[in-house]
Amino acid sequence: MIENIYVGRNLLETLTSALYESPIILFREYVQNSLDAYNDSQKNGYKEIDDFCVEINIDKATRTIRIKDNGYGIENKADFDKDMLSFGDSRKEDKSQFIGFRGIGRISAVPFCEKLTFINKAIGQNHRNI
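About the criteria used
- Residues numbered from 1 in each chain as written.
- Predicted model: local features only at pLDDT ≥ 70, side-chain atom pairs only at ≥ 80, totals over all residues.
- Heavy atoms only, no water.
- Helix = DSSP H or I, 4+ residues; strand = E, 2+ residues; numbered from the N terminus.
- Buried < 20%, exposed > 50% of the residue type's maximum accessible area, 1.4 Å probe, protein only.
- Polar contact = N/O pair within 3.5 Å; in protein donor to acceptor, adjacent residues only side chain to side chain.
- Contact = heavy atoms within 4.5 Å.

Participant: Can you tell me about the side chain of N120, naming the residues and giving the values?
Facilitator: If you trace the backbone, N120 turns up in the segment after α3 (77-85). On the basis of relative accessible area, N120 is assigned to the buried category, the value being 8%. There is a polar contact of 2.8 Å between the side chain of N120 and the backbone nitrogen of I74. If we skip the residues at most four places from it in the chain, N120 touches G73, I74, F80, H127, R128 and N129.

Next up, the structure:
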């Protein structure tokens, strides 16, 4: 298995800039990713989260935007790593049931930010994957 994959920023910008002309669309993209993950979990037998939500926090002082949901998360590190290091691939089997399915939406912010970090904490677990 390949342990490190390096993809240049220029390639990622080229992939995403054709899809996302305005940074405001990024909010929609990340909220949709959260909803898709939650809905997929529901179809796989996870119980409903009564207070499921997606939060968007903007800190002008640090010039930071955080988009966070309280969904199920990705249960194991191997799946998280695969999802984060795969480009143009998606685990979404029935693509008609999901908003996003191209496997590049999570990198859509690359042309618009200095640093993009994904943090995953699966429900019921104490550790986080970054």
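Okay, back to it.
Participant: Break down the environment of L116 for me, with residues and values.
Facilitator: Secondary-structure assignment places L116 in the segment after α3. Measuring from C-alpha to C-alpha, the distance between L116 and R106 comes to 9.5 Å, with ten residues separating the pair along the chain. Setting aside chain neighbours within four positions, we find L116 in contact with Y30, R106, I107, A109 and V110.

In short, shape yes, function no, at least from these values alone.
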